[in-house]
Amino acid sequence: MVRVEGKGNGLTSMKNMEKELLCPVCQEMYKQPLVLPCTHNVCQACAREVLGQQGYIGHCGDPSSEPTSPASTPSTRSPRLSRRTLPKPDRLDRLLKSGFGTYPGRKRGALHPQVIMFPCPACQGDVELGERGLAGLFRNLTLERVVERYRQSVSVGGAILCQLCKPPPLEATKGCTECRATFCNECFKLFHPWGTQKAQHEPTLPTLSFRPKGLMCPDHKEEVTHYCKTCQRLVCQLCRVRRTHGGHKITPVLSAYQALKDKLTKSLTYILGNQDTVQTQICELEETVRHTEVSGQQAKEEVSQLVRGLGAVLEEKRASLLQAIEECQQERLARLSAQIQEHRSLLDGSGLVGYAQEVLKETDQPCFVQAAKQLHNRIARATEALQTFRPAASSSFRHCQLDVGREMKLLTELNFLQVPEAPVIDTQRTFAYDQIFLCWRLPPHSPPAWHYTIEFRRTDVPAQPGPARWQRREEVRGTSALLENPDTGSVYVLRVRGCNKAGYGEYSEDVHLHTPPAPVLHFFLDGRWGTSRERLAISKDQRAVRSVPGLPLLLAAERLLTGCHLSVDVVLGDVAVTQGRSYWACAVDPASYLVKVGVGLESKLQESFQGAPDVISPRYDPDSGHDSGAEDATVEASPPFAFLTIGMGKILLGSGASSNAGLTGRDGPAASCTVPLPPRLGICLDYERGRVSFLDAVSFRGLLECPLDCSGPVCPAFCFIGGGAVQLQEPVGTKPERKVTIGGFAKLD
């Protein structure tokens, strides 16, 4: 039980909670508060006034149906009604249009009853009151008691006066719950005469708020005795048998009281027991407020400085452009002025014309020829200029026009830098092999990211208390990365987020990756063993091989009825396993005719295929050991070979081997069947146990598990009958992407 010790502490706590006791409509202390369906409270008089302004005239009834008191006169009514704040118009517009205007009431059995909507001032939303309006709401008697204790503790309003005295009223000494009024001694005797029914009224302490003795059901006027957990509403005995609560979970009000009281006490005890934490968080919030003010001012200054910088650049550009126009204008004016002077010299009696007229008066022929030769050239040029007149310079400055559409668009779209959107991880290119290769991209219209943060963790480890612990790598450049040294046989969850000057963006969706069940075996293909090696084409990097059908396969089409001979082409790995567990993966061309992928003893493989003769059937099993579609499982000795048969996009799974692919029926192992060929096949060899498993390398779902004789070195083997192709999965470490060492990551809580 939480108690408040000391009178001074009680007064302080009561004063500090005053804001919890104010009505959100009138901003004064609650008087007869009603509990809205949204769990907020509002004064009964305020709720009536709000609904009255909305036109719900017939639905503003008194929820408590209290009798009229002798003190209910205009002089004793609350003076706050005239000062009540009206609801905002924009909130009133959200009400149902059907509720406006006077509503005369609904007849019994109406098909479309009116739904009363009330604009809650606390949650800023419209809540449904039902058909009965305020009459269907409960009064919050607990809140009334708290308000009354608060008034008494802080002496709000001074002494309580008698409501029936003639002015000046005396101080009240008694109160009557039945009459809902406060009295002095004389007025109490006057209104409760001896020998009448009112004389039976029990006097109480004077108060300004009269409450009913118990909480009554607004529908049936019965005392509430149960609580409906489904509707989260107090109900009476009659409510329990109504169809509206049929099938609901209803408990006695005592049980609900004890459960809620225990929860509230526990929560309050926790809060009071962590006052240091609350104070620390308040200090942190206050410090955050100060940092916000400082950061906001710095951001304003930075924006102002940048805008001023843009203005300075524009001003500098404006000056240079105006200078260029000025220089062009002066050049044109100079050329036009020179042209004007030339034309003025052509006027009669002036300039060049006057000089020519004087030269023509010369009679000395040699002297005339000497002077007139140069003059004639000038006159000829002037005559040509006169005949082909054009201004020396254009008056238009169209070449000085600016196209600022793009710049104006950029300035209009100028906005604050946004954080990058959540990256999208490319699941087609992301996979786990010897390392984890992670690839991602940003959405098309996302702001750019300067660098990325990669986070990952294992999901197959026992969960520890507290939040999940992520390993993180900061400042990863590019859109791909390598995660080195992952644990084998584990499940990793990975996510990425981008970062730029605006901060970190959202995380991408989590991606789960399975790592191989054993360390990856690195090897190359060796085609030195087997026959007809001229039909095998091995790539230069020795990681891919293709079998090209030869002449025997062509001749087989003509001898289908008489038999045919096909050769088995074998390729081995250049590495043999002698201990531990190993894993490798490969991709088989779906168009391959018949390919066998597996492992075998190196000595047995060399003995079987070194100079082996052709066989008679394309379904021939090239080994004397275990095959997924051939020999009987009753042989006790482990076979020297273990192969998985693939042909024409299918995998053949036989009944003679144990399978983890769910291929067994009700009565035991199923007969030979086929399953679709996955994009990549995985082979896991356990040398000590003498077992080899074939897996779907994408989902790591088991396909087949076989025994194997591991008495000597074991190497990978690939057999071809007819055309086919196999591609070894390239180790992730050979990719040039950025490498990230898992062991060097910091823990992130």
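Residues numbered from 1 in each chain as written. Predicted model: local features only at pLDDT ≥ 70, side-chain atom pairs only at ≥ 80, totals over all residues. Heavy atoms only, no water.

Engineer: Provide a residue-level description of the overall build of the protein chain, including the pertinent values.
Structural biologist: On a plain count of helices and strands, the protein chain comes out with 13 helices and 37 strands. Buried residues in the protein chain amount to 37% of all 749 residues. In the protein chain, the share of contacts with a sequence separation of at least 24, taken over all contacts with a separation of at least 6, comes to 66%. Entry remark: accessible area of the protein chain is about 45,700 Å², with carbon and sulfur atoms responsible for 54%. (Helix = DSSP H or I, 4+ residues; strand = E, 2+ residues; numbered from the N terminus. Buried < 20%, exposed > 50% of the residue type's maximum accessible area, 1.4 Å probe, protein only. Contact = heavy atoms within 4.5 Å. Areas by Shrake-Rupley, 256 points an atom, 1.4 Å probe, with all protein chains shown as cover.)

Engineer: Can you explain the environment of V424? Please cite residues and give values.
Structural biologist: With respect to the secondary-structure elements, V424 resides in strand 12 (residues 424-425). Residue classification places V424 among the partly exposed positions, given a relative accessible area of 36%. Each C-alpha atom of the pair V424 and R497 lies 9.4 Å from the other, and the pair is 73 residues apart in sequence. Once you skip the residues sitting within four places of it in the chain, V424 turns out to touch W440, R441 and P443.

Engineer: With reference to specific residues and values, describe empty space enclosed by the protein.
Structural biologist: Counting across every chain of the model gives 3 cavities of 30 Å³ or more. Approximately 60 Å³ is the volume attributed to the second largest cavity. Every residue lining the second largest cavity is listed: Y433, V520, L521, H522, F523, R543, W584, A585, L728, Q729 and P731. When the residues that make up the lining of the second largest cavity are grouped by side-chain class, the tally is 8 nonpolar, 2 polar and 1 charged. (1 Å grid on protein atoms, 1.4 Å probe; cavity = no way out; pocket = protein on both sides within 12 Å on 5 of 7 lines; lining within 4 Å. Points joined across faces, edges and corners; volume = space filled by probe spheres on them. Nonpolar A, V, L, I, M, F, W, Y, C, P; charged D, E, K, R; others polar.)

Engineer: Break down the sheet that holds strand 35 (residues 724-728) for me, citing the residues and quoting the values.
Structural biologist: Spatially, the 7 strands line up as an open sheet ordered 22-23-35-25-31-32-33, and their pairing is antiparallel. Every other strand in the sheet has two partners, leaving strand 22 (536-538) and strand 33 (702-707) as the edge strands with one partner each. Each neighbouring strand pair of the sheet contributes to a mean axis angle of 20 degrees, computed without reference to strand direction. Sheet analysis places strand 25 (residues 581-588) next to strand 35, joined by 3 bridges and oriented antiparallel. (Pairing = 2+ DSSP bridges. Axes fitted to C-alpha atoms, helices over the stretch in contact; angles between N-to-C directions.)

Engineer: Lay out the packing of aromatic side chains with the relevant residues and their values.
Structural biologist: Under the definition given, this model contains 9 aromatic pairs. Centre to centre, the rings of F523 and W584 are 5.9 Å apart; their planes meet at 90 degrees, and the pair counts as edge-to-face. Of this pair, F523 sits in the loop between strand 20 (511-514) and strand 21 (525-526) while W584 is found in strand 25, placing the two residues 61 residues apart along the sequence. Exposure remark for F523: the relative accessible area of 4% places this residue in the buried category. Among the residues examined, W584 registers a relative accessible area of 1% and is labelled buried. Joined through ring pairs, the aromatic side chains of F183, F188 and F191 make up one cluster. One Lys or Arg, K174, reaches over the ring of F188 and ends 5.9 Å from the middle of that ring. (Phe/Tyr/Trp six-rings, centres within 6.5 Å; stacked < 30°, edge-to-face > 60°. Lys NZ or Arg CZ within 6 Å of the ring centre and 35° of its normal.)

Engineer: Report on the side chain of S592, specifying residues and quantitative values.
Structural biologist: With respect to the helices and strands, S592 occurs in the loop between strand 25 and strand 26 (595-601). Of the residues examined, S592 reaches a relative accessible area of 2% and is grouped as buried. Polar side-chain contacts of S592 include one of 3.2 Å to the backbone nitrogen of A725. For S592, the residues in contact, after removing those within four places along its chain, are G647, M648, G723, G724 and A725. (Polar contact = N/O pair within 3.5 Å; in protein donor to acceptor, adjacent residues only side chain to side chain.)

Engineer: How would you explain the pattern of salt bridges if you had to name every residue and give the values?
Structural biologist: Applying the stated criterion across every chain yields a total of 11 salt bridges. Taking the shortest distance from any N to any O, the salt bridge between D487 and R458 comes out at 2.9 Å. Taken together, the positions of D487 in the loop between strand 17 (480-484) and strand 18 (491-500) and R458 in strand 15 (residues 451-458) put the pair 29 residues apart, joining distant regions of the chain. Judged by its relative accessible area of 28%, R458 falls in the partly exposed class. Measuring nitrogen to oxygen at the nearest pair gives 3.0 Å for the salt bridge that ties R472 to E474. (Salt bridge = Lys/Arg side-chain N within 4 Å of Asp/Glu carboxyl O.)

Engineer: I'd love a proper account of the packing of helix 9 (residues 351-359) against helix 10 (residues 365-387), names of residues and values included.
Structural biologist: Where helix 9 contacts helix 10, the two axes come as close as 11 Å, and the packing angle between them is 150 degrees. One finds that helix 9 runs roughly antiparallel with respect to helix 10. Considering the relative orientation of helix 9 and helix 10, their crossing is left-handed. Facing L352, Y355, A356 and V359 of helix 9, the residues of helix 10 in contact are F368, A372, L375, R378, I379 and A382. Taken together, the residues of the contact of helix 9 with helix 10 sort by class into 9 nonpolar, no polar and 1 charged. (Parallel < 35°, antiparallel > 145°, perpendicular 65-115°, else oblique. Left-handed = near helix turned anticlockwise from the far one by under 90°.)

Engineer: Could you give me a rundown of a nonpolar patch on the surface, with the residues and numbers involved?
Structural biologist: On the surface, L310, L321, L402, V404, M408, L411 and L414 cluster together into a nonpolar patch covering about 630 Å² of accessible area. Going through the elements one at a time, helix 8 (275-344) and helix 11 (405-412) are the ones with two or more residues in the nonpolar patch. Tracing the backbone shows L402 in the loop between helix 10 and helix 11. (Patch = residues over 30% accessible without salt bridge, like charges linked within 9 Å, V, L, I, M, F, W, Y side chains within 5 Å.)

Engineer: I'd like a rundown of the nonpolar core, residues and numbers included.
Structural biologist: In this structure, Y583, I651, L681 and F718 are the most contacted members of the largest nonpolar core, which totals 51 residues. Broken down by element, this core gets its largest block of residues, 5 residues, from strand 25. Within the second largest apolar cluster, 26 residues are counted, among which are C46, A47, L51 and I116. (Core = buried A, V, L, I, M, F, W, Y, C linked by side-chain atoms within 4.5 Å.)

Engineer: Help me get a handle on the confidence of the model for the protein chain, residues and values and all.
Structural biologist: Taken as a whole, the protein chain shows an average pLDDT of 77; of its residues, 75% reach a score of 70 or greater. Across the protein chain, the secondary-structure element scoring lowest on mean pLDDT is strand 37 (residues 746-748), at 38, and the one scoring highest is strand 12, at 95. Predicted confidence is poor over residues 1-8, with pLDDT under 50, and the contacts of this stretch with residues over four places away or in other chains come to 9 contacts. Segment residues 611-626 is flagged for pLDDT under 50; beyond a separation of four residues in sequence, or across chains, it makes 45 contacts in the model. (pLDDT = per-residue confidence, 0-100.)

Engineer: Give a detailed account of helix 9, specifying residues and quantitative values.
Structural biologist: Those residues of helix 9 not exposed but buried are L352, V353, G354, A356 and V359. Looking at the buried side of helix 9, the elements it contacts are helix 10.

Engineer: Tell me about the pairing of strand 29 (residues 650-653), and name the residues and values.
Structural biologist: Because side chains alternate across strand 29, one face comprises the buried residues I651 and L653, and the other comprises K650 and L652, none of which is buried. Bridge count for strand 28 (residues 641-647) against strand 29 is 3 bridges, and the pairing is antiparallel. The partner of T645 across the bridge, within strand 29, is L652. Linking two consecutive strands that pair antiparallel, namely strand 28 and strand 29, is a turn of 2 residues; a positive phi of about 55 degrees is found at M648 within it.

Engineer: Explain the pairing of strand 4 (residues 125-130) to me, using residue names and the numbers behind them.
Structural biologist: By the alternation rule, side chains of strand 4 split into G125, V127 and L129, which are all buried, and D126, E128 and G130, of which none is buried. Here strand 3 (residues 116-120) pairs with strand 4 via 5 bridges, running antiparallel. Looking at the pairing, M117 lines up with E128 of strand 4. With antiparallel pairing between neighbouring strands as the criterion, strand 3 and strand 4 make up a hairpin whose turn holds 4 residues, including Q124 at a positive phi of roughly 55 degrees.

Engineer: Quick one: what's the story with the environment of E509, residue by residue and with numbers?
Structural biologist: One can find E509 in the loop between strand 19 (503-504) and strand 20. E509 sits in the exposed class, given a relative accessible area of 69%. As for E509 and R495, which are separated by 14 residues in sequence, their C-alpha atoms are 6.3 Å apart. Apart from the residues within four sequence positions on either side, E509 is in contact with I425 and L494.

Engineer: Can you break down the side chain of D426 residue by residue, with the values?
Structural biologist: With respect to the helices and strands, the residue D426 is situated in the loop between strand 12 and strand 13 (431-432). Non-local contacts of D426, meaning those with residues more than four positions away in its chain, are made with C439, W440 and R441.

Engineer: A description of the sheet that holds strand 10 (residues 233-235) should follow, citing residues and the corresponding values.
Structural biologist: Taken together, the 3 strands give an open sheet; going across it, the order is 10-9-11, and neighbouring strands pair in antiparallel fashion. Whereas interior strands pair on both sides, the edge strands pair on one side only; in this sheet they are strand 10 and strand 11 (250-252). With strand direction ignored, the average angle separating the axes of adjacent strands in the sheet is 35 degrees. Relative to the sheet, helix 7 (residues 253-273) contacts strand 9 (226-228), strand 10 and strand 11, its axis offset from that of strand 11 by approximately 85 degrees.

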